[in-house]
Amino acid sequence: MTEANARDGAPVKLYRHPKSGHCHRVELMLALLDVPYETVDLDMANGAHKAPEYLRISPLGQVPAIDDNGVMLCDSNSIATYLADRYGDLGDWAGYTPIERAEVQRWLSIAAGEIFQGPCCARLVTVFGAPLDHEAAKAKADQLLAMMEAHLGRHDWLAAGRPTLADVAGYSYIAHAPEGGVALAPYPNVQAWLTRIEALPRFVAMASSPALA
């Protein structure tokens, strides 16, 4: 199916929680690619994500998930990669060379690891009341941000010298880290990187909560 033909179908349906950074990754990817989409906000407090009809889309009962004209996918990084491949230039977003692809993959792993364990978990405590170790999450976030600060002092983007899936996957929880009590003021290079992402054409923001740092 060509890109033009793929866009002729119904808008991509994005199942989400509006304050989930994982969901925002997918929404940001859709927006940057200029793919028509509609959001379906799940009432997770009342278990909508565990309903049988939703579990057929996302077997672990997690958000985000998408329905792209019958293509059902879950996991934010997998969805973003699929969207880049179907509606964009996958090489541009995921890397043209072995080293570019490796760099992008490293940051996708960091998004699933250190970004989740640090700024994401810190924010889960303050925004959603998750029973996690807040101080440990904040310490991991600061360790990660120090590494990113040094990296972004040498590079404008996380990988490949241009916006890639790495930046899309990294943006949401880093931008909203202050909502989890993690200050960004000590990291000017990280803040400049966030500003560069926010200046991209068709950038879309995530719903915010009160900042604590």
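Okay, so let's go over this structure.

So, how was this worked out
Residues numbered from 1 in each chain as written. Predicted model: local features only at pLDDT ≥ 70, side-chain atom pairs only at ≥ 80, totals over all residues. Heavy atoms only, no water. Pairing = 2+ DSSP bridges. Helix = DSSP H or I, 4+ residues; strand = E, 2+ residues; numbered from the N terminus. Axes fitted to C-alpha atoms, helices over the stretch in contact; angles between N-to-C directions. Contact = heavy atoms within 4.5 Å. Buried < 20%, exposed > 50% of the residue type's maximum accessible area, 1.4 Å probe, protein only. Phe/Tyr/Trp six-rings, centres within 6.5 Å; stacked < 30°, edge-to-face > 60°. Lys NZ or Arg CZ within 6 Å of the ring centre and 35° of its normal.

Quick look at the sheet that holds strand β4 (residues 71-74)
And step 1. Read across the sheet, 4 strands follow the order β2-β1-β3-β4 without closing on themselves; strand pairing throughout is mixed. Each edge of the sheet is formed by a strand with only one pairing partner; in this case those strands are β2 (37-41) and β4. For this sheet, the mean inter-axis angle between neighbouring strands, taken without regard to orientation, is 20°.
And step 2. Summarising the sheet, strand β1 (residues 12-16) and β2 pair through 5 bridges and their orientation is parallel. Its bridge partner being in β2, Y15 is matched across the sheet by V40.
And step 3. On top of the sheet, helix α2 (residues 21-32) reaches β1, β2 and β3 (65-68); it is set at about 160° to β1, its chief contact.

Side note on the pairing of β3
And step 1. Burial of the side chains of β3 extends over both faces: A65 and D67 are buried on one face and I66 and D68 on the other.
And step 2. As defined by bridge partners, β1 adjoins β3 across 3 bridges and the pair is classed as antiparallel. Looking across to β3, one finds that L14 is bridged to I66.
And step 3. Two strands pair when backbone bridges link them, and β3 and β4 are joined in this way by 4 bridges, in the antiparallel orientation. The partner of D67 across the bridge, within β4, is M72.
And step 4. Here β3 hands over to β4 after 2 residues, with N69 in that stretch at a positive phi of 50°.

A word on the packing of aromatic side chains
And step 1. Within the structure shown, the criterion is met by 2 aromatic pairs.
And step 2. Taking the ring centre of W157 as reference, the NZ or CZ of R196 above it sits at 5.9 Å.

Digging into the environment of A177
And step 1. Within the fold, A177 resides in the loop between α8 (165-175) and α9 (188-198).
And step 2. Its relative accessible area of 0% is what places A177 among the buried residues.
And step 3. The sequence separation of A177 and C121 amounts to 56 residues, and the corresponding C-alpha distance is 9.7 Å.

Details of the environment of M147
And step 1. One can find M147 in helix α7 (residues 134-152).
And step 2. Spatially, the C-alpha atom of M147 lies 22 Å from that of A94, the residues being 53 residues apart in sequence.
And step 3. Excluding anything up to four places from it in sequence, M147 contacts W107 and I110.

Bear in mind that shape data such as this cannot, by itself, settle questions of function.
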